[in-house]
Amino acid sequence: IYGEAMAPVRERIAGFHPDLMDWILADAYGKVLARPGLSLKTREFLSVALLTALGLPRQLSAHLRGALRAGARRGELAAVIDELAPMVPAKNLRMARERLAREMDGR
């Protein structure tokens, strides 16, 4: 999901603890993202919704890019964000919409 940005992501994560990147690769990616049942695109939609609700802009940007790499379109991502309106703070929705616009402008 990170594409060409994977090397810096690995370095940053490994800086927290040497075993953390191994755990993320084995568990988060190997056991969660790669298991059958949901497409990568659907999993990225769920990540976008969760990260928007939690108000985590840096992680949201990474997963917006991941969703786009997985075949998501801007309108689909905007719809995911819009569906959260009754459930999350307005500031989180603004942040997510701004992040989506930034990712689309950078493409």
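Residues numbered from 1 in each chain as written. Predicted model: local features only at pLDDT ≥ 70, side-chain atom pairs only at ≥ 80, totals over all residues. Heavy atoms only, no water.

### Some details on the nonpolar core
With 18 residues, the main nonpolar core has Val48, Leu60, Leu64, Leu77 and Ile81 as its most contacted residues. Counting residues per element, the ones that place at least two in this core are helix H3 (40-54), helix H4 (57-69), helix H5 (74-83) and helix H6 (90-106). Leu64 has contacts with Val48, Leu77, Ala96, Arg99, Leu100 and Glu103, leaving out every residue within four places of it along the chain. If you look at the next biggest cluster of nonpolar residues, it comprises six residues, including Met6, Val9, Ile24 and Tyr29. (Core = buried A, V, L, I, M, F, W, Y, C linked by side-chain atoms within 4.5 Å. Buried < 20%, exposed > 50% of the residue type's maximum accessible area, 1.4 Å probe, protein only. Helix = DSSP H or I, 4+ residues; strand = E, 2+ residues; numbered from the N terminus. Contact = heavy atoms within 4.5 Å.)

### Concerning the environment of Ala53
Looking at the element boundaries, Ala53 is found in helix H3. Classification of Ala53 as partly exposed rests on a relative accessible area of 34%. Excluding residues that lie within four positions of it along the chain, Ala53 makes contacts with Val88 and Asn92.

### Regarding the side chain of Thr52
Looking at where Thr52 falls in the secondary structure, it is placed in helix H3. A distance of 2.8 Å separates a polar side-chain atom of Thr52 from the backbone oxygen of Val48. Among all residues touching Thr52, those that are not within four sequence positions of it are Leu60, Ile81, Leu84, Asn92, Leu93, Met95 and Ala96. (Polar contact = N/O pair within 3.5 Å; in protein donor to acceptor, adjacent residues only side chain to side chain.)

### A short note on H5
Restricting attention to buried positions, one finds in H5 the residues Leu77, Val80 and Ile81. Looking straight down H5, one finds that the buried residues subtend no more than 95° of arc, so they occupy a single side. Opposite the packed face of H5, turned more than 90 degrees from it, sit the exposed residues Gly75 and Glu83. Those residues of H5 that are buried are in contact with H3, H4 and H6. (Arc of directions from axis to C-beta.)

### Some thoughts on a nonpolar patch on the surface
Among the surface-exposed residues, Leu50, Leu54 and Leu56 lie close enough to one another that they form a single nonpolar patch of about 270 Å² accessible area. Along the chain, Leu56 falls in the loop between H3 and H4. Of the residues examined, Leu56 reaches a relative accessible area of 30% and is grouped as partly exposed. (Patch = residues over 30% accessible without salt bridge, like charges linked within 9 Å, V, L, I, M, F, W, Y side chains within 5 Å. Areas by Shrake-Rupley, 256 points an atom, 1.4 Å probe, with all protein chains shown as cover. Salt bridge = Lys/Arg side-chain N within 4 Å of Asp/Glu carboxyl O.)

### Focus: the environment of Asn92
With respect to the element layout, Asn92 can be found in helix H6. Separated by 63 residues in the primary sequence, Asn92 and Tyr29 have C-alpha atoms spaced 26 Å apart.

### Section: the confidence of the model for the protein chain
With 95% of its residues at a pLDDT of at least 70, the protein chain reaches an overall mean of 89. Per-element averaging of pLDDT across the protein chain places helix H2 (residues 20-33) at the bottom with 79 and H5 at the top with 98. (pLDDT = per-residue confidence, 0-100.)

### So, the packing of helix H1 (residues 6-16) against H2
Between H1 and H2, the least distance of the axes is 7 Å, while the angle of their chain directions is 120°. In terms of orientation, H1 and H2 fall into the oblique class. Judged by residue contacts, Met6, Arg10, Ile13 and Phe16 of H1 engage Leu20, Met21, Ile24 and Leu25 from H2. (Axes fitted to C-alpha atoms, helices over the stretch in contact; angles between N-to-C directions. Parallel < 35°, antiparallel > 145°, perpendicular 65-115°, else oblique.)

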